[in-house]
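What follows is each chain in one-letter form.
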Amino acid sequence: MKVLLTGGAGYIGSHTAVALIEAGFEPVLLDNFANSHPVVLDRLARITGQTMPFEQGDVLDTPWVEDVLRRHRPVGVIHFAGDKAVGESVALPLKYFHNNIGGAVSLLRAMEAVHAQDPSTAPTLVFSSSATVYGDPATVPITEDFPRSHTNPYGHSKLVIEDMLTALCAARPAWRVGTLRYFNPVGAHPSGLIGEDPAGIPNNLMPYVAQVAVGQREHLNVYGNDYPTPDGTGVRDYIHVQDLAAGHVAAIQALLSRGESFTVNLGTGSGHSVLDVVRAFEKASGRPVPYRIAPRRAGDVAQCWADPARASRLLGWQAKLTLDQMCADAWRWQSANPNGYKG
Ligand code: NAD
Ligand code: UFG
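Please read all numbers here as calculations on a predicted model, not as lab measurements.

Colleague: Any chance you could explain the packing of helix 1 (residues 11-22) against helix 8 (residues 241-258) here in plain terms?
Modeller: The relative placement of two packed helices is expressed as an angle between their axes plus a distance between the axes. Interhelical geometry of helix 1 versus helix 8 gives an angle of 60° and a closest axis separation of 8 Å. Put simply, helix 1 runs oblique to helix 8. Where helix 1 crosses over helix 8, the two elements pack in a sense that is right-handed. Taking contact as the criterion, the partners of Tyr 11, Ile 12, His 15, Thr 16, Ala 19 and Leu 20 in helix 1 are, on helix 8, Val 241, Gln 242, Leu 244, Ala 245, His 248, Val 249 and Ile 252. Each residue belonging to the contact of helix 1 with helix 8 can be placed in one class, and the counts come to 9 nonpolar, 4 polar and no charged.

Right, dumping it as structure tokens:
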């Protein structure tokens with residue numbers, strides 16, 4: 001059974017492709033390499049022992065996406081493709097509205113056109129949403145019925161796409177959509193062959209810490225130590241990308257077997273502070289991670305972690321891997337590939 005992964009060469013897509021193969025699916029990857037590298041395809045072949053079908057192109061190109069869907073006839077689509085840098089989205093809002101919202105519209109229209117010609121299978125989609133749709137939550141842990149808001153164009157684009165999917169499912173009962181709100185994905189495949197390869201200076205904590213440990217950056221800036229949290233630094237729900245990948249397999253299986261749409265949090269249900277991450281990474285790498293306390297970063301919230309009970313109930317999925325394992329795998333990837341896929 002084929003599953004199409006838009007953005008399949010990216011960080012989460014590549015790990016999900018491996019998990020899908022292990023679960024007996026045939027992933028078909030689609031990507032324009034805007035934020036990924038063709039080398040990932042060789043790495044995936046080394047991990048899985050097979051060459052995955054790959055389609056290079058832009059999800060904004062609706063007729064081409066239709067053609068891809070007609071040729072491969074996937075049982076479902078996982079839509080990862082999009083831009084994800086919060087700071088860049090503030091500077092370049094139209095880029096985010098165009099690629100994220102425009103990309104989703106394009107994919108959905110292509111799926112709808114193919115379904116109209118062949119109504120024998122229900123259009124089935126898993127969408128990569130984000131805990132960013134909860135804005136600054138009033139309390140933690142966060143359940144799926146918390147109010148949604150946005151603080152930047154990236155988050156706004158995810159909110160609009162979620163609303164679009166709700167409207168589509170209301171208008172077209174045949175559609176089956178699983179919306180996955182990821183918390184903070186980190187770590188890498190245990191082989192060290194695939195991992196997160198941010199372009200330029202990393203915005204996110206774990207890749208930044210990894211670059212400090214490997215000696216590429218002098219020190220970490222800890223953005224604020226005066227938050228109302230146990231050690232004053234920001235607290236997040238870090239989730240191993242391998243657990244996240246397993247969540248996608250569970251989501252596609254649930255959509256195919258039960259046929260009901262859902263929205264679920266994918267998180268561990270517990271939070272770690274910035275200084276917890278620093279200490280865990282030092283332990284995993286055996287290297288020091290020097291840091292300085294810096295001012296708060298605009299737009300950051302004090303704490304954010306998931307109530308993952310709904311995912312457990314609906315998908316039978318739970319995160320299993322610890323912060324120590326996240327750091328150990330991130331370090332194996334970073335130390336074996338100090339320059340990412342660029343070699
Ligand atoms: P990523 O940048 O590594 O992967 C996205 C992939 O999509 C890249 O390979 C990129 O080349 C491709 N792409 C972008 N625009 C495209 C287009 N128009 N046509 C074809 N391909 C295109 O990002 P990721 O971390 O793997 O994230 C995947 C999804 O999960 C994104 O939608 C992101 O917003 C969402 N998400 C990520 C995080 C996170 O922290 N990594 C958190 C919450 C949600
Ligand atoms: N942090 C630092 N120094 C850094 C980078 C981050 O102290 O150099 C701190 C932040 O202030 C925050 C924590 O580390 O307290 C985590 O920051 P990240 O940038 O790694 O993650 P965010 O929680 O800010 O955001 C990430 C993604 C969003 C996504 C969100 C979902 O970037 O796209 O997780 O919870 F929406």
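Colleague: Would you mind showing me how to read the sheet that holds strand 9 (residues 235-236) here?
Modeller: Pairing between the strands of a sheet is mediated by backbone hydrogen bonds and can be parallel or antiparallel. Strand order in this open sheet of 3 strands is 12-9-14, and the pairing throughout is mixed. Single-partner strands in this sheet number two, and they are strand 12 (272-273) and strand 14 (303-304). One ladder, built from 2 bridges, connects strand 9 with strand 12; its direction is antiparallel. When the sheet's bridge partners are listed, Val 235 is paired in strand 12 with Ser 273.

Colleague: When you look at the site of ligand 1 in this model, what are you seeing that I'm missing?
Modeller: By nearness alone, 26 residues border ligand 1, and Asp 31, Asn 35, Lys 84, Asn 99 and Tyr 154 come closest of all. Here an oxygen atom of ligand 1 and a backbone polar atom of Tyr 11 are 2.8 Å apart. About the coverage of ligand 1: the protein hides 95% of its 830 Å² of free accessible area. Within the residue set of the shell around ligand 1, elements represented by two or more residues are helix 1, strand 5 (124-130) and helix 6 (153-171).

Colleague: Got a minute to help me understand the environment of Val 65 in this structure?
Modeller: With respect to the element layout, Val 65 can be found in helix 3 (residues 62-72). For Val 65, a relative accessible area of 0% translates into the label buried. Sequence-wise, Val 65 and Arg 109 are 44 residues apart; in three dimensions their C-alpha atoms are separated by 9.4 Å. Ignoring any residue separated from it by four or fewer positions in sequence, one finds Val 65 in contact with Asp 58, Val 59, Leu 107 and Ala 110.

Basis of the calculations
- Residues numbered from 1 in each chain as written.
- Chains lettered and ligands numbered in written order.
- Predicted model: local features only at pLDDT ≥ 70, side-chain atom pairs only at ≥ 80, totals over all residues.
- Heavy atoms only, no water.
- Axes fitted to C-alpha atoms, helices over the stretch in contact; angles between N-to-C directions.
- Helix = DSSP H or I, 4+ residues; strand = E, 2+ residues; numbered from the N terminus.
- Parallel < 35°, antiparallel > 145°, perpendicular 65-115°, else oblique.
- Left-handed = near helix turned anticlockwise from the far one by under 90°.
- Contact = heavy atoms within 4.5 Å.
- Nonpolar A, V, L, I, M, F, W, Y, C, P; charged D, E, K, R; others polar.
- Pairing = 2+ DSSP bridges.
- Near = heavy atom within 4 Å.
- Polar contact = N/O pair within 3.5 Å; in protein donor to acceptor, adjacent residues only side chain to side chain.
- Areas by Shrake-Rupley, 256 points an atom, 1.4 Å probe, with all protein chains shown as cover.
- Buried < 20%, exposed > 50% of the residue type's maximum accessible area, 1.4 Å probe, protein only.

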